[in-house]
Amino acid sequence: MSTVAVPTRPRRRGAGLGLLAWLVGIAFFLPIAWMALTSFHSEADAATNPPSFAASLTLDGYREFFGTAGGASPWPALINSTVASVASTLCVLLLALPAAYALSVRPVRKWTDVLFFFLSTKMMPAVAGLLPIYLFAKNAGLLDNIWLLVLLYTAMNLPIAVWMMQSFLAEVPVAVIEAAQIDGARLPTILARVVAPIALPGIAATALICFIFSWNELLFARVLTGVVAETAPVFLTGFITSQGLFLAKVCAASLVISLPVLAAGFAAQDKLVQGLSLGAVK
């Protein structure tokens with residue numbers, strides 16, 4: 001009676017790739033874990049080299065960040081970042097969805113040239129447009145205005161959003177759209193009730209990326225805002241002073257400011273994976 005040999009090489013290869021993925025994931029997670037641990041140390045323990053992992057834990061860094069120890073409150077900056085990121089992301093989605101529809105489902109002439117133009121706008125260094133935008137904002141009286149950041153973030157994220165959503169909407173069956181047109185549905189209804197539900201994973205992935213880009217933006221926010229429209233990244237840079245670098249307080253502030261992005265990514269991780277697997281990033 002003959003026996004069939006069970007192939008072990010594919011299993012070993014799969015186990016090796018799985019182990020490598022875990023090691024890479026741990027390597028990316030270690031700096032975040034180190035930052036979180038340092039945020040619970042006192043400034044004296046955080047400044048030791050090498051760091052003391054067995055040092056006593058304290059919440060002094062978080063108390064100083066939230067202003068309970070007499071410092072500036074971070075809530076205005078956090079609210080400004082939330083308003084700028086959420087409002088600009090909504091504006092990007094409202095503009096990118098019909099544009100991507102015109103470039104994918106109902107493509108215009110030379111649509112590839114249009115996509116290349118959108119992508120080429122991201123190739124210019126942001127600092128190259130900083131001075132003209134600053135002069136425009138100064139003459140228009142828009143310095144230290146949160147709605148100027150909303151406008152800028154919308155313009156900055158719109159090209160990449162159109163590029164991504166064009167690939168997402170290309171996967172929408174044309175027959176479904178034609179059936180809705182036969183039933184008398186107009187374009188706004190088709191976009192809201194037919195295209196958007198089908199392309200929801202791609203829209204969620206695009207929204208998350210635009211939100212992250214807006215939340216993390218520092219250059220324009222640092223130059224164009226002051227006290228009223230200060231965002232969270234700008235507020236974070238204020239912890240680095242001539243008096244020194246307070247590691248525990250900086251780590252506590254960095255962790256708190258990173259939480260909205262981490263929470264949004266965790267909440268939308270299934271949509272993000274589905275959206276990126278539709279073909280936008282391959």
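Below, the structure is looked at part by part. (Residues numbered from 1 in each chain as written. Predicted model: local features only at pLDDT ≥ 70, side-chain atom pairs only at ≥ 80, totals over all residues. Heavy atoms only, no water.)

## What about the packing of helix H9 (residues 187-198) against helix H10 (residues 200-216)?
Put simply, H9 and H10 touch, their axes get as near as 4 Å, and they point 80 degrees apart. Judged by the inter-axis angle, H9 sits roughly perpendicular to H10. Residue-level inspection shows Ala196, Pro197 and Ile198 of H9 in contact with H10, the latter providing Leu200, Pro201 and Ile203. (Axes fitted to C-alpha atoms, helices over the stretch in contact; angles between N-to-C directions. Helix = DSSP H or I, 4+ residues; strand = E, 2+ residues; numbered from the N terminus. Parallel < 35°, antiparallel > 145°, perpendicular 65-115°, else oblique. Contact = heavy atoms within 4.5 Å.)

## Things to note about the pattern of salt bridges
Scanning the model with the defined rule gives two salt bridges in all. Between Asp60 and Arg63 there is a salt bridge, with its nearest N and O atoms 2.8 Å apart. Here Asp60 pairs with Arg63, and both are found in helix H3 (residues 60-65), just three residues apart, close to one helical turn. Residue Asp60 is classed as partly exposed on the basis of its relative accessible area of 36%. Among the ionic pairs, Lys249 bridges to Glu64, the shortest N-O distance being 3.7 Å. Placement of Lys249 in helix H13 (residues 247-267) and of Glu64 in helix H3 is noted, with a sequence separation of 185 residues between them. Residue classification places Lys249 among the buried positions, given a relative accessible area of 16%. A residue is classified by how much of its surface remains accessible, and Glu64, at 31% relative accessible area, is partly exposed. (Salt bridge = Lys/Arg side-chain N within 4 Å of Asp/Glu carboxyl O. Buried < 20%, exposed > 50% of the residue type's maximum accessible area, 1.4 Å probe, protein only.)

## Some remarks on the nonpolar core
If you look at the biggest cluster of nonpolar residues, it comprises 27 residues, and the most contacted ones within it are Leu97, Tyr101, Met165, Leu169, Ile177, Val195 and Ile203. Counting only elements with at least two residues in this core, the list comes to helix H4 (75-104), helix H7 (146-169), helix H8 (174-182), H9 and H10. Looking at which element gives the most residues to this core, the answer is H4, with seven residues. Once residues within four sequence positions are removed from consideration, Leu169 is found in contact with Leu97, Ala100, Tyr101, Ser104, Val105, Val195 and Ala199. Counting residues in each nonpolar core, the second largest holds 16 residues, with Phe235, Phe239, Ile257 and Val261 among its members. (Core = buried A, V, L, I, M, F, W, Y, C linked by side-chain atoms within 4.5 Å.)

## Focus: the side chain of Ser214
Summarising the element assignment, Ser214 is placed in helix H10. Dropping the residues within four chain positions of it, Ser214 is found in contact with Ser85, Ser88, Tyr153 and Asn157.

## A closer look at unusual backbone geometry
Look at Asp144: it is not a glycine, yet its phi comes out positive at around 60 degrees. By secondary structure assignment, the location of Asp144 is in the loop between helix H6 (130-140) and H7.

## Some remarks on the packing of aromatic side chains
All told, the structure shown has five aromatic pairs when counted by the stated rule. Note on Phe40 and Tyr62: the rings are 5.1 Å apart at their centroids and 40 degrees apart in plane angle, and the pair reads as tilted. Of this pair, Phe40 sits in the loop between helix H1 (9-39) and helix H2 (43-46) while Tyr62 sits in helix H3, placing them 22 residues apart in sequence. A relative accessible area of 29% places Phe40 in the partly exposed class. A connected cluster of aromatic rings, assembled from ring pairs, spans Phe65, Phe66, Trp75 and Phe235. (Phe/Tyr/Trp six-rings, centres within 6.5 Å; stacked < 30°, edge-to-face > 60°.)

## Re the side chain of Thr154
With respect to the secondary-structure elements, Thr154 resides in helix H7. Taking relative accessible area as the criterion, Thr154 reaches 9% and is therefore assigned buried. With residues near it in sequence (within four places) discarded, Thr154 still touches Ser88, Cys91, Val92 and Leu95.

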